[in-house]
Amino acid sequence: LYTVETRQFRWEVKRRFSEFLWLREILFKMFPACVIPPLSDKKIMGQFVSEFIQARQDALERFINAVVRNPLLRNSRYLITFLAEEATGTFKRMQKEYLKESRPSFVGEMSTLTGETKCSISKDSLENINKHDLYFSEAHGLFGRSDSIVRSLTEELNKCSTMMEGMKTNFNQLNLLHKAYFPDSNVSPLFNAARRMFGDFSLFFQKMSENLRDHMQGFLKYIRREIVSCQTLIKKHRHIAKEYPPKHAALEKKKEKLWESKEIEKWKLSLADGNRSRDELLSSKEATMKMILPEETLKLERYREMNGYFTTMTAFELSSLTENNADYYLKNFLFYSESQMELMRKGIQIMEVFDHELRSSDNYSYIDVSQAPLHKSTTIKKRGSLRSSGGGGGPSI
């Protein structure tokens, strides 16, 4: 169970993960022209691991805050019920009632803040949708490649952590062997310092890997899911926009044939129009064409309105989402950068501690390598000849 607290209204309820899924499902169903934030998959194994619980809690909080930021969704009775209804039995009953509701089939059934719906198909809205469609297509590929890079880096950091742990073990064994064979030697502090350093670096690389996984892999996965949600909305809009012209053309052609046949009984006129005289109906083609097949005409008109509504809402939703998320993306990258810098500072401290322990050791001394005499052991001559400078028969090529 997760505690969901809305401080502004002093609401506090307990909700299961399945109930978050229900909220997203009902919002997706009843608000088809809104971008509904994504949720993580329902995990069965390992759901009680502390790291997983914290990651899911963060994801659920991000989901709820994204829903609340949408002015249309935050005023829906579905969200208010989810956030405010404390009685478990009442909430369960309302869940079932809401799921029985039908998806809005025309604009008049759509929920809006003002009670009115905008159904315009403006050039600016269409350009906005096309621009975002191109952006999301490119962004999905970019974030996909970024995710692959982050996964590779995480694996490499884990390998470094394992290698450092191995070095720690080797120095510990080396220290034990040295004590056994050279009991009078006083180099154990050096071996212990190296052992501690490699142990600290093992944890250092492990923390860097975890930081990368928690703050970047999850973040990139969320963005890709969110992009898919946006692309789904664009596909809905494209489907409606693509379906309307042929439907309209087919109905106009059908009406034209009925007009030319002059068989008024087949026009399926409404009760009011059916009472008109034959001469009146045949006197004006333009006016009568609007009366022929009224039910099919109304259905197509609703489809046209739906097209306009989806065009307006899709453009608005995509612009709002892009604008609102820009700050969220920036904050996530800054937080990750700051956490990585803090880890780097700890890495420097590990080296400083090791350097201090070496300098404090009785066996520590500096050797100026630049002043050490060099002894040539080999010389290289032309034609690939290699020979030892020492006496006797050396290697030759």
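In case you missed it, the structure is sitting above this.
About the cut-offs
- Residues numbered from 1 in each chain as written.
- Predicted model: local features only at pLDDT ≥ 70, side-chain atom pairs only at ≥ 80, totals over all residues.
- Heavy atoms only, no water.
- Helix = DSSP H or I, 4+ residues; strand = E, 2+ residues; numbered from the N terminus.
- Buried < 20%, exposed > 50% of the residue type's maximum accessible area, 1.4 Å probe, protein only.
- Contact = heavy atoms within 4.5 Å.
- Areas by Shrake-Rupley, 256 points an atom, 1.4 Å probe, with all protein chains shown as cover.
- 1 Å grid on protein atoms, 1.4 Å probe; cavity = no way out; pocket = protein on both sides within 12 Å on 5 of 7 lines; lining within 4 Å.
- Points joined across faces, edges and corners; volume = space filled by probe spheres on them.
- Nonpolar A, V, L, I, M, F, W, Y, C, P; charged D, E, K, R; others polar.
- Core = buried A, V, L, I, M, F, W, Y, C linked by side-chain atoms within 4.5 Å.
- Pairing = 2+ DSSP bridges.
- Salt bridge = Lys/Arg side-chain N within 4 Å of Asp/Glu carboxyl O.
- Axes fitted to C-alpha atoms, helices over the stretch in contact; angles between N-to-C directions.
- Parallel < 35°, antiparallel > 145°, perpendicular 65-115°, else oblique.
- Left-handed = near helix turned anticlockwise from the far one by under 90°.

**Q** Before we go on, may I ask you to explain the overall build of the protein in this structure?
**A** Summing up its helical and strand segments, the protein has 10 helices and 4 strands in all. Counting from the amino terminus, helix and strand elements in the protein follow one another as β-β-α-α-α-α-α-α-α-α-α-α-β-β. Classification of the 397 residues of the protein by burial places 34% in the buried group. Counted over contacts in the protein with a minimum sequence separation of 6, partners at least 24 positions apart contribute 74%. As displayed, the protein offers around 25500 Å² of accessible surface, 56% of which is attributable to carbon and sulfur atoms.

**Q** Which parts of the structure should I look at to understand the layout of surface pockets?
**A** The gaps of empty space that remain are located by a probe, the size of a water molecule, rolled over the atoms. One number sums up the size of the largest pocket: a volume of about 1200 Å³. As for the largest pocket, its lining consists of 31 residues, and the residues nearest its centre are Ala-55, Ala-59, Arg-62, Asp-214 and Gly-218. Those elements that place two or more of their residues in the lining of the largest pocket are helix H2 (50-69), helix H6 (188-261) and helix H10 (294-360). With 12 residues, H2 is the single largest residue contributor to the lining of the largest pocket. Space inside the second largest pocket adds up to approximately 610 Å³. Lining the second largest pocket are 22 residues, with Val-4, Glu-5, Thr-6, Ile-64 and Asn-65 sitting closest to its centre. For the lining of the second largest pocket, the elements supplying multiple residues, two or more each, are strand E1 (2-6), H2 and helix H3 (77-84). If one sorts the elements of the lining of the second largest pocket by residue count, H2 sits on top with 7 residues. Looking at the lining of the second largest pocket residue by residue, the classes come out as 12 nonpolar, 6 polar and 4 charged.

**Q** In this structure, what is going on with the nonpolar core? I would like to understand it.
**A** Across soluble globular proteins, you tend to see nonpolar side chains buried next to one another. In this structure, Phe-20, Leu-23, Ile-26, Leu-27, Phe-31 and Phe-82 are the most contacted members of the largest nonpolar core, which totals 67 residues. Within the residue set of this core, elements represented by two or more residues are E1, helix H1 (17-30), H2, H3, helix H4 (88-100), helix H5 (123-181), H6 and H10. Of the residues forming this core, the biggest block, 18 residues, is contributed by H6. Ignoring anything within four residues of it in the chain, the contact list for Leu-23 reads Phe-63, Ile-64, Tyr-78, Leu-79 and Phe-82. If you look at the next biggest cluster of nonpolar residues, it comprises 13 residues, including Leu-251, Leu-258, Leu-281 and Leu-293.

**Q** Looking at this structure, I do not really get the pairing of E1. What am I missing?
**A** Moving residue by residue along a regular strand, the side chains alternate between the two faces of the sheet. Of the two faces of E1, only the one carrying Tyr-2, Val-4 and Thr-6 is buried; Thr-3 and Glu-5 on the other face are not. Note: E1 against strand E2 (residues 11-15), 5 bridges, orientation antiparallel. Note on E2: the bridge partner recorded for Glu-5 is Glu-12.

**Q** When you look at the pattern of salt bridges in this model, what are you seeing that I'm missing?
**A** Pairing between side chains becomes possible if they bear opposite charge and their charged atoms approach one another. Scanning the model with the defined rule gives 15 salt bridges in all. A salt bridge links Lys-254 to Glu-296; the nearest nitrogen and oxygen atoms lie 3.1 Å apart. Here Lys-254, found in helix H6, pairs with Glu-296, found in helix H10; they are 42 residues apart in sequence, far enough to count as distant. In this structure Lys-254 comes out as partly exposed when scored by relative accessible area, which is 38%. Salt-bridge contacts for Arg-276 lead to Asp-273; the nearest nitrogen and oxygen are separated by 3.2 Å. Judged by its relative accessible area of 33%, Arg-276 is partly exposed. One salt-bridge network, held together by shared partners, links Asp-147, Arg-151 and Arg-224.

**Q** Just to check I follow, could you spell out unusual backbone geometry for this structure?
**A** Glycine aside, the phi torsion of most residues is negative, and most peptide linkages are trans. For Arg-10, which is not glycine, the phi dihedral falls at a positive 60 degrees. A positive phi angle, near 50 degrees, is found at Leu-293, a position not held by glycine. For Leu-293, the position within the fold is in the loop between helix H9 (285-289) and H10.

**Q** Is there a simple way to think about the packing of H1 against H4 in this case?
**A** At their nearest, the axes of H1 and H4 sit 10 Å apart, and the two run at 30 degrees to each other. The angle between the axes of H1 and H4 places the two elements in the roughly parallel class. With respect to the hand of their crossing, H1 and H4 are arranged in left-handed fashion. Within the contact between the two elements, H1 uses Glu-19, Trp-22, Glu-25, Ile-26 and Lys-29 and H4 uses Phe-91, Lys-92, Gln-95, Tyr-98, Leu-99 and Lys-100.

**Q** What should I look at first to understand the side chain of His-237 in this one?
**A** Mapping His-237 onto the fold places it in helix H6. Given a relative accessible area of 3%, His-237 falls into the buried group. Apart from the residues within four sequence positions on either side, His-237 is in contact with Leu-126, Ile-129, Phe-310, Thr-311 and Thr-314.

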